[in-house]
Each structure stands twice: as structure tokens, then as C-alpha cells.
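Structural features, examined
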Amino acid sequence: NALMDVKLLKPVATGSDLLVKIEAVSVNPVDCKIRKTVNPINNEHKILGWDAVGVVESIGDQVSMFKEGDKVWYAGAINRQGANSQYHLVNEKIVSLAPKTIDSVTAAALPLTSITAWELLFDRFNIEADEQGCLLIIGASGGVGSVMVQLAKQLTNLTIIGTASRPETQDWVKSLGADHVIDHSKDLISQLSELGYDSVNYLASLTHTAAHMEAIIEMIAPQGKFGLIDDADVLDIMPFKRKCVSVHWEFMFTRSLFATGDMIEQHKLLAEVAKLIDSGLLKSTVANNFGTINAENLLKAHALLESGKSKGKIVLSGF
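Structure report, in brief. (Residues numbered from 1 in each chain as written. Predicted model: local features only at pLDDT ≥ 70, side-chain atom pairs only at ≥ 80, totals over all residues. Heavy atoms only, no water.)

1. Regarding the environment of Glu-265
Position of Glu-265 among the secondary structure elements: in helix H9 (residues 264-278). Classification of Glu-265 as partly exposed rests on a relative accessible area of 30%. (Helix = DSSP H or I, 4+ residues; strand = E, 2+ residues; numbered from the N terminus. Buried < 20%, exposed > 50% of the residue type's maximum accessible area, 1.4 Å probe, protein only.)

Structure follows, in C-alpha cells:
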């Protein structure tokens, strides 16, 4: 009974908000996390969904970048209602025009993961386009990893090593542009050594970080950069001290949650990702289309995501 179909009043756009008529959405781990841990307040419904493509239905009186009829995409804000609804309010600063060369279903797979991957690579790690070195991505076949591999391949000179544990996910990561793929269910250190690398300059851990910490500490280069997105009950970073490793958390909702002065950077990076798609340099990571947006199909999507056996993204469209 965690998810149900309900009828609510149509929202009204004010201020810097757009009212978007939703065409397609995708499911992310954050949806499952909120479903399991957050109780609606005062018997109100909590709408999930933080990935959307749709058409601007109306605009607030302070909106300056969009007009009615624009097709847009975005990931939304975690402290507001989600996009698993026919109509959705979102601040224009975290929205951009959607790619023109792919349909809404294909595009819906990308906003949240693209923001997360972009921010970790270029805002947290501060990687420059001509930089040399090696990037290891633990969990490269998931939603964020699938985008990160592509962004790193297209926008940097780094050698990219991704991890995946099954033949089909390993093939997926290779197809996205990884130079090497190793198995995170086996000894990572020895596999890295077999590739001829003693260490990596950048290490992005996207899943099961706590289970890999011992290997991560060993594999990261002195003065390297370590980034993560998942949650751990305890994370001891003291062992990084002797290597002077910097530790970076990436949480793509931070800018919207705290209304930071650079919120508009998400608008800008989504616009850049749309250009990469339209130029053929980046492809969607959609792997499953679960059909109509309703509680029954969303429950199936959550179940697959929580099984740990999904690759790429799960999308839904229409009502």
C-alpha cells in the first residue's frame, strides 16, 4: 500500500515556477529511499519521482527563460512534490529545454543521473578537459555510472575503468566507452594491477561504498580525489590522511534544497547535456520501459531497482 493512484488539485504556477504537463518520467534509487523512509505530513500525499520530461503548461510571473509550449527536462527538488503526476511545479533555474533529437521516453532516463555525474566529475573533482590520468568508477553500469562513463569519454582525456559484475552489464559499460571493465564482486586491487595500474587519480564509488572501502583506500593515488553518492552507516575516512586524499560527497539536490546562489548551474549543465545528445556524442541510458505512469507499474519499477539487477534506467510515460 506504499504507492497508490490518487486525484489531487491541479497546481498553479507562481513566482519562478513552471507548471509542466508531464510526458515521461524515470525511477531512481532516491524514489525507493523516500518511499521507505518518509511519511507524508498531515495525511497529505507525498508524490515521488525526480526525473521528468514534459511541456510547459503555464509560467509564474517571475519566469524569464521559458514560455508556454516549451518542451523541457529536469530532475526537480527533493523538498517538493515529485513528478509522478500529470502536472508538476518546478523552479526554472533547474530546468532546461529537452533534447530535440530523441523522444520524451528516451530523454526521461537522463536528467538526475546526468546532473549527478556532471557535478561529481566537473564540480567536485574539478577535472579539466585536457587532464591526464585514470578514473575508476565503481558501479559503472547503473544510472549514474552509465552517464559518467560517457561524459568522461567525451569531455576528458582520462583513462576510464568501470566496474560491473555480470557479462551483460560488463558489455553495457564497454559499449558506453569505458577503456577497461573489471568485476567488483572480485578482488579489485589485483584486477587493477593486471591492467597495469598501481593506482587511480580519481575514484567515483556509486554503490556499496562501505564494502569496497579497504580496496578504495589502497587503489587511490596519493593526492587523489575520492567521490561517493551512496549512504553508509559509518564511513571512516581517516585512512585517506596519509595519502592526502580529498573526499567529495555528491548530492544533486543540494543546490535546490538550499536555494544556493549557483542553482542555475543545473539549468546550464542540462542544456549542455542536451547539446551532447543532439550532436550524437551522448546516448540515453534507458534500458526498460514499464509503460503507463501509475502505481502498479511504479511498484514493479521499484522492485526491479531494489533487486540490484537493473542496468541503465527504467522509464514510464503517459497516464
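From this point, things continue past the structure.
2. Comments concerning helix H10 (residues 295-307)
The end-to-end C-alpha distance of H10 is 18 Å, a good match for the 18 Å that 13 residues give at a rise of 1.5 Å each. Taken together, the buried positions of H10 are Ala-295, Asn-297, Leu-298, Ala-301, His-302 and Leu-305. Angular distribution of buried residues about the axis of H10 spans 160 degrees; they occupy a single face of the element. For H10, the secondary structure elements touched by its buried residues are strand S1 (17-27), helix H1 (29-37) and strand S13 (313-317). N-cap assignment for H10: the residue whose side-chain oxygen lies 3.3 Å from the backbone N of Glu-296 is Asn-294. Positive phi shows up at Gly-308, right after H10, with a value of about 80 degrees. (Expected span 1.5 Å × (residues − 1). Arc of directions from axis to C-beta. Contact = heavy atoms within 4.5 Å. Polar contact = N/O pair within 3.5 Å; in protein donor to acceptor, adjacent residues only side chain to side chain.)

3. Let's talk about the nonpolar core
In terms of nonpolar packing, the biggest core is built from 79 residues, with Trp-73 and Met-148 touching the most fellow members. Of all the elements, helix H3 (residues 111-124) adds the most residues to this core, at 7 residues. With sequence-adjacent residues up to four places away left out, Met-148 is seen in contact with Ala-117, Leu-120, Leu-121, Ile-137, Ala-204 and Leu-206. Ranked by size, the runner-up nonpolar core spans 18 residues in total, among them Leu-188, Val-200, Ile-216 and Leu-228. (Core = buried A, V, L, I, M, F, W, Y, C linked by side-chain atoms within 4.5 Å.)

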